[in-house]
Amino acid sequence: MNEDDVARSGQLALLLEVSAYPKPGNVSRTHDFAETSYEHFLASAVAVYPVLREAAARGFAWKEGGGVGVREGVRVRVGVGELVRRAVEESVAWQSGGNTHFGALLLLVPLAVAAGSYKPDLDPGLLKRRAEEVVQNTSVEDAVELYRAFPKAKVKVRAGVPEFDLTDAGGVREIRASGKSLHEILEISASYDLISRELVGGFEKTFRYAELLKDWIKNKDKERRVNDAVTNAYLRLLSEERDTFVEMKFGAEKSESVRRRAEEIVNSGCKRGEVEEFDEELIKAGVNPGSTADIIAAALFVALLGGL
């Protein structure tokens, strides 16, 4: 696929996700957080375009070269960690609202590499396999580069993680000494982090929800808009999984209660009034299911690549 189209699809996915309302607990076009606004998310989505395009271009060169490609006479490695770090740097250079898209970029970068690795048609099954391959073939340098992205994005991290402490200044030395690839480190964090689990689990939810979004929107009898598809997909995912952001800030009991409340709303048909009430409750409590939103953004990306 054309590198520009891959990057445009990534941007549009981020814009559609943040614009959707009501999306309980998260920034939308109708309300902001105290320090992070809707406009900060828009600026971030615009800022990451060149990195998403580069990811797609590297994907094509990488596949052509069997893991090391040549583009314009220069040897090219994928460099997933470096691309994520650069995307984070672009994001924070263009807006002052802090962490807007860190989790989403972790998912979008390998997907963009995979999308750029073959032309012209995009088959969802092949895209999924290529994305898995990209993550599985990461290196220790990818892990180091991702570590360096955390402070730039001002991401809150869980303390006391086995083997590696992202709050420790010596983390880079520890990662290099371990020799563990980014994939291997993500396997460690997958036990408690939804995005890591998605990356090492083959993007299972991303592709499942991409199909759900497409099916929802194509069902003309229901006359549903993209906004409705996004908010309903978001609620359904929130009803399935305890959100990492919520659990890290408030604990397992709170994240489970949020999941159960979302499940009740989904089971009752996602009535608009109930969803808006749930949204207000979470906003007032400062509960933001950010990991859920990140996966929906990735699902939108896959759906757009597939012709949505």
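The following paragraphs examine the structure supplied in this document.

Rules used throughout
- Residues numbered from 1 in each chain as written.
- Predicted model: local features only at pLDDT ≥ 70, side-chain atom pairs only at ≥ 80, totals over all residues.
- Heavy atoms only, no water.
- Helix = DSSP H or I, 4+ residues; strand = E, 2+ residues; numbered from the N terminus.
- Buried < 20%, exposed > 50% of the residue type's maximum accessible area, 1.4 Å probe, protein only.
- Contact = heavy atoms within 4.5 Å.
- Salt bridge = Lys/Arg side-chain N within 4 Å of Asp/Glu carboxyl O.
- Expected span 1.5 Å × (residues − 1).
- Axes fitted to C-alpha atoms, helices over the stretch in contact; angles between N-to-C directions.
- Parallel < 35°, antiparallel > 145°, perpendicular 65-115°, else oblique.
- Left-handed = near helix turned anticlockwise from the far one by under 90°.
- Nonpolar A, V, L, I, M, F, W, Y, C, P; charged D, E, K, R; others polar.

Looking now at the environment of valine 172. Looking at the secondary structure, you find valine 172 in helix α8 (residues 171-178). Residue classification places valine 172 among the buried residues on the basis of a relative accessible area of 16%. Considered as a pair, valine 172 and alanine 143 are 29 residues apart in the sequence and their alpha carbons are 8.6 Å apart. What valine 172 contacts, discounting residues up to four positions off in sequence, is Val144, Tyr147 and Arg148.

Structurally, arginine 259 is set in helix α14 (residues 252-267). Not counting residues within four places of it along the chain, the set of residues in contact with arginine 259 comprises Leu238, Ser239, Glu240, Glu241 and Arg242.

The next thing to look at is the pattern of salt bridges. Under the counting rule described, the total for this entry stands at 23 salt bridges. The partner of glutamate 247 in a salt bridge is arginine 242, with the nearest N and O atoms 3.0 Å apart. Taking relative accessible area as the criterion, glutamate 247 reaches 27% and is therefore assigned partly exposed. Taking the relative accessible area as the measure of exposure, arginine 242 reaches 35% and is therefore partly exposed. Ionic pairing is found between arginine 261 and glutamate 264, a salt bridge with its closest N-O pair at 3.4 Å. Placement of the pair is arginine 261 and glutamate 264 together in helix α14, with a separation of 3 residues, close to one helical turn.

Okay, helix α16 (residues 290-305) next. Taking 1.5 Å per residue, 16 residues should reach 22 Å; α16 reaches 23 Å between its end C-alpha atoms and fits that length. With 16 of 16 residues buried, α16 is to be regarded as a mostly interior element. Phi for glycine 307, located one or two positions after α16, is positive at around 105°.

For the rest of this paragraph, the subject is the packing of helix α1 (residues 3-19) against α16. Where α1 contacts α16, the two axes come as close as 8 Å, and the packing angle between them is 135°. Of the possible angle classes, the one that applies to α1 and α16 is oblique. At the point where α1 passes α16, the crossing takes the right-handed sense. Within the contact between the two elements, α1 uses Val6, Ser9, Gly10, Leu12, Ala13, Leu14, Leu16 and Glu17 and α16 uses Ala293, Ile296, Ala297, Leu300, Phe301, Leu304 and Leu305. Looking at the contact of α1 with α16, its residues break down into 12 nonpolar, 2 polar and 1 charged.

Any link to function would need more than the numbers given here.
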